[in-house]
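# Structural overview
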Amino acid sequence: MTDLTKTGVLGQPVVGTAPTAFLEVRDLKVHFPTEDGLVKSVDGLSFTLEKGKTLGIVGESGSGKSVTSLGIMGLHRVGQYGRQRARISGEIWLNGKELLTAEEDEVRKLRGREIAMIFQDPLSAMHPYFTIGKQIAEAYRVHNKVDKKAARKRAVDLLDRVGIPEPHKRVDSYPHEFSGGMRQRAMIAMALVNNPELLIADEPTTALDVTVQAQILDLIRDLQKEFGSAVIMITHDLGVVAEMADELLVMYGGRCVERGTAEKVFYEPRHPYTWGLLGSMPRIDREQTERLIPVKGSPPSLINIPSGCAFNPRCPYADVPKDNVTRTVRPELTEDGTRHWSACHMTHEQRTRIWTEEIAPKL
Amino acid sequence: MTETPDMKKTDTAVIPRQATDSPEVLLKVSGLTKHFPITKGLLRRQAGAVKAVDGIDFDVRRGETLGIVGESGCGKSTMGRLITRLLEPTGGTVEFEGKDITHLGVAGMRPLRRDIQMIFQDPYGSLNPRHTVGTIVSAPFKLQNVMPEGGIKPEVQRLLSLVGLNPEHYNRYPHEFSGGQRQRIGIARALALNPKLVVADEPVSALDVSIQAQVVNLLDDLQQELGLTYVIIAHDLSVIRHVSDRIAVMYLGKIVELADNKALYGAPMHPYTTALMSAVPVPDPRRRGAASGRILLKGDVPSPISPPSGCRFHTRCWKATQVCTTQEPPLLALKTGHQVACHHPENAPDQVPGDQPLPGAADAVSTVSE
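This is a predicted model, so every value here is computed, not measured.

For chain B, the helix and strand inventory stands at eleven helices and 14 strands. In terms of C-alpha radius of gyration, chain B reaches 22 Å, essentially the compact-globule figure of 21 Å for 370 residues. Viewed in the frame of its principal axes, chain B has a C-alpha envelope of about 70 × 55 × 50 Å. Looking at chain B as a whole, 55% of its 370 residues qualify as buried. Taking all contacts inside chain B whose residues are at least 6 apart in sequence as the whole, residues at least 24 apart take part in 67%.

Dropping the structure here:
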């Protein structure tokens, strides 16, 4: 198993030099062989993230957002009974260390200590049989040589920090005794118990009501300021990323179609899919529009990704570039010189014109 | 209580209607309650009740869309099931086209099922996996013994194309469709008998953003084409704002504010509505600064088993005073067409000025500082 990972799972030897960025993902691929064919959940994703910054990853269900985060956590490495289900390749550099070729033991030491994760559904991410305090303390004791008493104290401190009332009492509660918002707070406490440098939040507020969502987002923001962690925020809600993210990565069909600062992606989006996402959203902050402008069709199957540009069957501008190129050639992610990447066959001028004349006025 | 119906009458007369000119009331709900008993012990003695819906009044006018919004557990779904009579109300009345349907039995409701239809949230759970789309959409005709002109199959295919599905998919099973397509099947089934009122419980919340927009537009088109009246229940304030003519905000089994779309989003009166709206994340990175004025409610919604006395929101309200703990504020029209149940509304004169503020009320919320 380890041999496989060492050579890079898809066969290519892993070569690459340590980057300067805190986190750098290079050409990450996560493929799952199934009876129906190869599911290409993530198919060549690259990005960097600095400490203290937040990267937002947006996309529809099945675009590969969550698989990316699990890939960084190294949770696809070993499946049930030691069998590896996923085929992973690429490079993930964290603090100068490459994670995909690292030994499982090494990654286990990082997991929970340097990288922590907040899941969408805290009820299923927590063990129903153990008290909240025990679960938080366990995460602490795995990585620190402390006795039970100190770990419990740490758990109480953190519960207090994430805003749970009467933490010394609630530390002995079971997950089912907490409300959804409190459970999410407890999970954040668990994730932060070792002051991780990288926090991955996978749809942290999707299951919550707006008022609770606002509390949780505020909490994550505060904690990030306090600990200086890097945060990856995975969500389908453009409102949430607009508030949280410094940089934005839009995923479609397992690939990045657009990446840039939040400001750029919201104000000068360069990919038709991003336009579609912006047009689909009813806005609470604007004058009411008569109609939404949805993206036609549905997201592609990851077994059978359309040839050429994966978005071409749903793209209203698929025929703008000549020679049917959108249906035959996969567009590469290219930078426009302002650290704004997009993968589209249309020329810069064409896209600028369509955005400013056709899309932006209708939003 | 006696003055409320009068006030409603004047409201309906003044507010211009959007889709039709007649301000005719299609559905009238007054004092509606639903308490789910909690039983205890071997003898199943009643130990208490979940007061899911606890006395609400509203009208639904023909041709309009009434949006119902609130957090989980506020009773909005229970309310939807009460007015479609999928649940038996504990108290109050529901009148449909002037006819009292509050306690009609299954047989009594059957003719009305044609007129009142429901669209459910979960497009996976609400379609029988063993039935083909054809069977699902034609079930209403069979149950009601209706023979559409030209036969059932062509009619079902017409409905499928009406909601944007391929009529040739008549013989497919639900699992062969995506979430958005399944929701369209549910809509086709609801529209089969040409209903007057469609109650949609979270019709788009299980769908992806791009698909959500397709379904919202579809509901809009169908309303224009068929003159439908909607009651749309959702927790997403942006969606509710987009689809509704009038909006009711619920909190712990009560309507706290009921107003038309512009008035509610422009000048909300109930502090809860204000807090709810300010919590919605704005998809605009340049307005991140605006989030710093955000009102953050603390804690969670209290339990509907023993809701707070007086105004139910007083435990989380920053404007709460002594009177709020003892007296329940009635739902009053403080402006034409803008009803609110609050002693100290925003954007309107204080109802109980000079009352002693509750100690700690100011700490009930925090504002985000950036």
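There is more to say, and it comes next.
Next up on the list: the interface of chain A and chain B. Listed per partner, the contact involves 50 residues of chain A and 42 residues of chain B. Summing both partners gives a buried area of about 4100 Å² for chain A against chain B, and 51% of it is carried by carbon and sulfur. For Glu263 of chain A, the salt bridge identified is with Arg286 of chain B, shortest N-O distance 2.6 Å. Summed over the shared surface of chain A and chain B, the number is 15 residue pairs in polar contact (both at pLDDT 80 or more). Among the secondary structure elements, those contributing two or more residues to the side of chain A that touches chain B are helix 9 (210-227), helix 10 (238-244), helix 11 (262-267) and helix 12 (272-280) of chain A.

Residues and elements named next belong to chain A. Tallying each qualifying case throughout the model produces 30 salt bridges over all chains. Between Glu60 and Arg314 there is a salt bridge, with its nearest N and O atoms 3.2 Å apart. In this pair, Glu60 is assigned in the loop between strand 3 (54-58) and helix 2 (65-73) and Arg314 in the loop between helix 12 and helix 13 (325-328), connecting sequence segments 254 residues apart. Taking the relative accessible area as the measure of exposure, Glu60 reaches 1% and is therefore buried. Of the charged contacts, one joins Arg327 and Asp319 as a salt bridge, the two residues approaching to 3.1 Å between their closest N and O atoms.

For the rest of this paragraph, the subject is helix 2 of chain A. Residue and element names in this part refer to chain A. Of all nine residues that make up helix 2, seven are buried, and the element is covered over most of its length. Of the positions making up helix 2, those classed as buried are Lys65, Val67, Thr68, Ser69, Gly71, Ile72 and Met73. Backbone geometry just downstream of helix 2 places Gly74 in the positive-phi region, at approximately 75°.

For the rest of this paragraph, the subject is unusual backbone geometry. Not every positive phi belongs to a glycine, and Asn324 of chain A is a case in point at roughly 60°. For Asn324 of chain A, the position within the fold is in the loop between helix 12 and helix 13. Judged by relative accessible area, Asn324 of chain A falls into the partly exposed class, the value being 41%. With phi around 45°, Leu252 of chain B is a residue other than glycine that occupies positive phi space. When you line up the elements, Leu252 of chain B lands in the loop between strand 9 (246-251) and strand 10 (254-260).

Residues and elements named next belong to chain B. Strand order across the open sheet formed by eight strands is 6-7-8-3-9-10-13-12, with mixed pairing between neighbours. Each of the sheet's edge strands pairs with one partner strand only, and the pair in question is strand 6 (116-119) and strand 12 (332-335). If you compare each strand with its neighbour and ignore which way they point, the axes differ by 20° on average. Inspection of the sheet shows strand 9 paired to strand 10 by six bridges, in the antiparallel sense.

Turning our attention to the packing of aromatic side chains. Considering all chains together, one arrives at nine aromatic pairs over all chains under this definition. Relative to Phe313 of chain B, the ring of Tyr251 of chain B lies with its centre 5.1 Å away and its plane at 85°, an arrangement referred to as edge-to-face. Note that Tyr251 of chain B is positioned in strand 9 and Phe313 of chain B in the loop between strand 11 (295-297) and helix 11 (322-326), a separation of 62 residues in sequence. In terms of burial, Tyr251 of chain B and Phe313 of chain B fall into one category: buried. Aromatic rings pair up to connect Tyr252, Tyr273 and Phe311 of chain A into one cluster. For Arg259 of chain A, the ring lying beneath its charged end belongs to Trp341 of chain A, and the centroid distance is 4.1 Å.

Counted under the stated rule, the structure contains eleven cavities of 30 Å³ or more. Lining the largest cavity are 17 residues; nearest its centre among them are Met281, Pro282, Arg283, Thr289 and Leu292 of chain A. Ranked by the residues each element gives to the lining of the largest cavity, the list is headed by helix 8 (residues 237-243) of chain B, at three residues. The residue makeup of the lining of the largest cavity, split by class, is six nonpolar, five polar and six charged.

All names here are of chain A. Taking strand neighbours across the sheet as the criterion, the four strands line up as 2-1-4-5 in an open arrangement whose pairing is antiparallel. Looking at strand neighbours, the two that pair on one side only are strand 2 (37-49) and strand 5 (97-98), the edges of this open sheet. Across ten bridges, strand 1 (residues 23-34) lies against strand 2 in antiparallel orientation. Across the sheet, residue Phe32 finds its bridge partner in strand 2, namely Val39. Across the face of the sheet, helix 2 comes into contact with strand 1, strand 2 and strand 4 (87-94) while running at roughly 70° to strand 2.

Conventions and cut-offs
Residues numbered from 1 in each chain as written. Chains lettered and ligands numbered in written order. Predicted model: local features only at pLDDT ≥ 70, side-chain atom pairs only at ≥ 80, totals over all residues. Heavy atoms only, no water. Helix = DSSP H or I, 4+ residues; strand = E, 2+ residues; numbered from the N terminus. Rg over C-alpha atoms; globule rule 2.2 N^0.38 Å. Buried < 20%, exposed > 50% of the residue type's maximum accessible area, 1.4 Å probe, protein only. Contact = heavy atoms within 4.5 Å. Buried area = accessible area lost by both parts, 1.4 Å probe. Salt bridge = Lys/Arg side-chain N within 4 Å of Asp/Glu carboxyl O. Polar contact = N/O pair within 3.5 Å; in protein donor to acceptor, adjacent residues only side chain to side chain. Pairing = 2+ DSSP bridges. Axes fitted to C-alpha atoms, helices over the stretch in contact; angles between N-to-C directions. Phe/Tyr/Trp six-rings, centres within 6.5 Å; stacked < 30°, edge-to-face > 60°. Lys NZ or Arg CZ within 6 Å of the ring centre and 35° of its normal. 1 Å grid on protein atoms, 1.4 Å probe; cavity = no way out; pocket = protein on both sides within 12 Å on 5 of 7 lines; lining within 4 Å. Points joined across faces, edges and corners; volume = space filled by probe spheres on them. Nonpolar A, V, L, I, M, F, W, Y, C, P; charged D, E, K, R; others polar.

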